Amino acid sequence: MTTGMTMSGWGLILIFTALVALLAKPVGRWLFALYEGRDTPLHRLLGPVERGFYRASGIDPAREQGWLAYGLHMLAFQVVLTLFTYAILRLQGVLPMNPRGLAGIGTDGAMNTAIAFVTNTNWQWYAGESVLSNFSQMVGLTIHNFLSAATGIAIAFALFRGFARHEARTVGNFWADCTRVTLYLLLPLCVVYALFLVACGVPQTLASLVEAHTLEGAKQVIVLGPVASQEAIKMLGTNGGGFYNANSAHPFENPTALTNFVQMLSIFAIGSGLTWCFGRAVGNTRQGWAILCAMLILFVAGAGIAYWQEADGATLAMAGGHMEGKEVRFGIAASALFSAVTTAASCGAVNAMHDSFTAIGGLIPIFNMQLGEIVIGGVGSGIYGFLLFALLAVFVAGLMVGRTPEYVGKKIEAREVKLAVLAIAVLPLSILGFTALAAVLPAGLAGPLNKGPHGFSEILYAFSSATANNGSAFAGLSAGTPFYNGLLGVAMWVGRFFVIIPVLAIAGSLAAKRHTPATAGSFPTTGALWVGLLIGVILILGGLTFLPSLALGPIADQVSVLAHTGF
Amino acid sequence: MLKTFASALRPALVMTGGFALLLGGAYPLAITAAAQALFPHQANGSLIERNGRVIGSELLAQGFAAPAYFHPRPSAANYDASASAGSNLGPASAALAQRIAKDAAALRAQGYPDVPPAMVTTSASGLDPHISPEAALLQAPRVAQARHMPVARVEALVRAAIETPLAGVLGENRVNVLRLNLALDAAGHAGA
């Protein structure tokens, strides 16, 4: 076992980052075809399915919606989907494919899980292999891994249209966007991806368990199921909800270093492509590259710090190379890198237990989430979240030079800036508000496993994860209580839809505006100056807002480790 | 606004039903059928059978404790393949520091000259099937003694079992404990 930083560790991080950048254009081109509603080669095969869905639903995909109708149709879909999964989880005991006779889930737990999967969060208060039947996993959960991803991309498309269109009243048709993304992007990719995972060792069976008799005569009960089909969309759709409790650290979900690398790439693939798609949609791919560049700089900084700390940082027990909560087949570099990827995106899958990371190694995931997961980010949610910061950045630049700010051919005025601030303010309000509540109420204080500042970190991590729709955890927290199920459920819903609605309102407001051609006085939004400004605005907003909370948790943790004080 | 929401209910209900059939039914079932046809060994959990009995999965750790077998990393899940888990103890956890110090002392008492970090830390899943080559070689004298085999012979089995990083970058040098123990048994000297 290599401990300490190595050349191959840094090589892994840099090769990975380069591949993410290389994926942007090919994935982006495919996304752009779907954005425009053009036919793809897959339409021959899946076109009849698409048209069948529209016919049965009474939808005319060519009839576009204004931002409000787009949002209301999206919301109606989410409410129905939430109730659908709530019902499946409650009724698990009487539904088929349940040979182990697992009981239905309680009200608070079922509602929490339904919201968790609808909002693309996949927060899991339960251990999948001990609580859920194969039917619940397949029908109750896998469906959301597709549809919450498709919904995120649909919202991003609506916002792109807001920038791209001039004096328009509509931003697209929600049903058409959602259906096309599911059928022509997510589903075909997942078919190939799932079979690749099976070939590498991920189980895919309808059997539920098998009993093994070990060489030493002990009995081992092995839970199996349709794991690969869920695993593929779990990563590609930045969902993160594992079939097993240990998620992508479980050898059945992530059996080799190769599957681990592909899983990390698949978390970022669509988010990276969306930056290119945005640039293409607004008529200048350099706009997309500038965004991707800012994202990747923030990403490499976070991943690098995490790797450095995990390889060389201290814990109370050891001086460096801490392997508690990590798997040998991944080692330290791939564990630290995965933690940065999964929290930069809104995935939340884990291949190591973040709770056992070094103090600063564990700070990086929390900070990534608190920035709103805009570093590549969740599919769709990453780019629309990032564009909110871009609006604030041009606003700041406009204040400095005393001109009305413009961005990709649109004047950014008070209405857009107010809406952007409204959406961004959801994060601190929910994260810090709920954390403060849980840190003083007895029901909240009953949750943490670890004592001292790390116990506070567990609570802070939970609400950062829920609000940012990540779903990973400092898993020592016992969150399967009505108190946490309730509050985290609210945090997930608010963190998803209280951001989406202002984003759609911005889309509608921008779409109605005239095109403003760039002049010599316009602030350029493609060069290094712009990238620097973006990073500055993101770090100052994120850093200043959350620094005090981080000081109480991970930073206090680090100080006590350095002082050799345990809890 | 309420009217728009109401008009969205039909597509919302139909799409939920349709996608449940397609994504929750047809998709996983089709993948299952293809997986069972193309990769039956992997699709069913990479199980290893001996004399017609399943003895385990090559991907999952088992709690070997006898001196004649190589031992895996400690497990916070007690090697329960129906309840994976890590310890989740944090960087300043006194409980973790005490546990590691105690386990390291016990290993040294067993004659380990040097304790590799991975052998006193629990994995993320509790089912980590691998140990490092160093951790395996350190156990070789104990295993050899228990089996009355030459140490060199056991060490050769360990070296033959070492898996190396893919393309030199992906993964770590590692040894699959169950496969190594099977190779030991196959080498002719039955286990404890």
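Looking at an unreviewed UniProt entry, one finds chain B named Potassium-transporting ATPase KdpC subunit and attributed to Novosphingobium sediminicola. UniProt's Sequence similarities (unreviewed entry) comment on chain B is quoted here verbatim: "Belongs to the KdpC family." Chain B has a UniProt comment under Subcellular location (unreviewed entry) that states "Cell membrane".

As annotated in an unreviewed UniProt entry, chain A carries the name Potassium-transporting ATPase potassium-binding subunit and comes from Novosphingobium sediminicola. Recorded in UniProt under Subcellular location (unreviewed entry), the annotation for chain A is "Cell membrane". Annotation of chain A in UniProt includes, under Function (unreviewed entry), the sentence "Part of the high-affinity ATP-driven potassium transport (or Kdp) system, which catalyzes the hydrolysis of ATP coupled with the electrogenic transport of potassium into the cytoplasm. This subunit binds the extracellular potassium ions and delivers the ions to the membrane domain of KdpB through an intramembrane tunnel."

Novice: An account of the overall build of chain A is needed here, citing residue identities and associated values.
Specialist: Along the backbone of chain A there are 18 helices and 4 strands. Here the C-alpha atoms of chain A give a radius of gyration of 23 Å, agreeing with the 24 Å that 2.2 N^0.38 yields for 567 residues. Expressed as lengths along the three principal axes of its C-alpha atoms, the size of chain A is roughly 75 × 60 × 45 Å. Across the 567 residues of chain A, 64% fall into the buried class. Long-range contacts, defined here as pairs at least 24 residues apart, represent 79% of the contacts in chain A between residues at least 6 apart.

Novice: So what about the overall build of chain B? Which residues, and what values?
Specialist: Scanning chain B from terminus to terminus reveals 7 helices and 5 strands. Across chain B, helices and strands are ordered from the amino to the carboxyl terminus as α-α-α-β-β-α-β-α-α-β-β-α. At 23 Å, chain B has a C-alpha radius of gyration far larger than the 16 Å of a compact globule built from 192 residues. Reported as C-alpha extents along the three principal axes, the dimensions of chain B are approximately 80 × 45 × 35 Å.

Novice: Quick one: what's the story with the sheet that holds strand 4 (residues 162-163) of chain B, residue by residue and with numbers?
Specialist: All names here are of chain B. Strands sit in the order 3-5-4 across an open sheet of 3 strands; the sheet is antiparallel. Both edges of this open sheet fall to strand 3 (130-131) and strand 4, since each of them pairs with a single strand only. Sheet analysis places strand 3 next to strand 5 (residues 174-176), joined by 2 bridges and oriented antiparallel. When the sheet's bridge partners are listed, His-130 is paired in strand 5 with Asn-176. Here helix 7 (residues 177-186) sits on the sheet and contacts strand 3 and strand 5; the angle it forms with strand 5, its principal contact strand, is near 60 degrees.

Novice: Account for the interface of chain A and chain B, with residues named and values stated.
Specialist: Of the residues lining the interface, 102 residues belong to chain A; the matching set on chain B comes to 91 residues. At 8 residues, the largest contribution of residues to the side of chain A that touches chain B is made by helix 3 (residues 67-90) of chain A. Partitioning the side of chain A that touches chain B into residue classes produces 61 nonpolar, 32 polar and 9 charged.

Novice: Hey, could you go over the domain arrangement of chain B for me, with residue numbers and the actual values?
Specialist: On domain assignment, one finds that chain B holds domain 1 (2-41) and domain 2 (46-186). Using only C-alpha atoms to locate each centre, domain 1 of chain B and domain 2 of chain B end up separated by 42 Å.

Novice: An account of the packing of helix 1 (residues 7-36) of chain A against helix 11 (residues 331-344) of chain A is requested, with residue identities and associated values reported.
Specialist: All names here are of chain A. Remark: helix 1 packs on helix 11, axes separated minimally by 8 Å, with the N-to-C direction vectors making an angle of 35 degrees. In this structure, helix 1 meets helix 11 at a crossing whose hand is right-handed. Here Gly-9, Leu-12, Ile-13 and Phe-16 of helix 1 lie close against helix 11, whose contacting residues are Ala-333, Ala-334 and Leu-337. When the residues that make up the contact of helix 1 with helix 11 are grouped by side-chain class, the tally is 6 nonpolar, 1 polar and no charged.

Novice: Pulling in residues and values, what's your account of the pairing of strand 1 (residues 47-50) of chain B?
Specialist: Residue and element names in this part refer to chain B. Alignment of strand 1 against strand 2 (residues 53-57), held across 4 bridges, turns out to be antiparallel. Counted as the bridge partner of Glu-49 is Val-54 from strand 2. Linking strand 1 to strand 2, which pair antiparallel, is a turn of 2 residues; within it Asn-51 sits at a positive phi near 55 degrees.

Novice: Quick rundown of unusual backbone geometry? Include the residues and the values.
Specialist: In this structure, Met97(A) is a non-glycine residue whose phi angle is positive, near 55 degrees. With 16 C-beta atoms packed within 10 Å, Met97(A) lands in the partly exposed category. Even without being glycine, Ala167(B) reaches a positive phi, approximately 55 degrees. Its place among the elements puts Ala167(B) in the loop between strand 4 and strand 5.

Parameters at a glance
Residues numbered from 1 in each chain as written. Chains lettered and ligands numbered in written order. Predicted model: local features only at pLDDT ≥ 70, side-chain atom pairs only at ≥ 80, totals over all residues. UniProt positions renumbered as here; feature names shortened; annotations may be inferred. Helix = DSSP H or I, 4+ residues; strand = E, 2+ residues; numbered from the N terminus. Rg over C-alpha atoms; globule rule 2.2 N^0.38 Å. Buried ≥ 20, exposed ≤ 12 C-beta atoms within 10 Å, placed from the backbone. Contact = placed C-beta atoms within 7 Å. Pairing = 2+ DSSP bridges. Axes fitted to C-alpha atoms, helices over the stretch in contact; angles between N-to-C directions. Nonpolar A, V, L, I, M, F, W, Y, C, P; charged D, E, K, R; others polar. Domains from an automatic or database assignment. Left-handed = near helix turned anticlockwise from the far one by under 90°.

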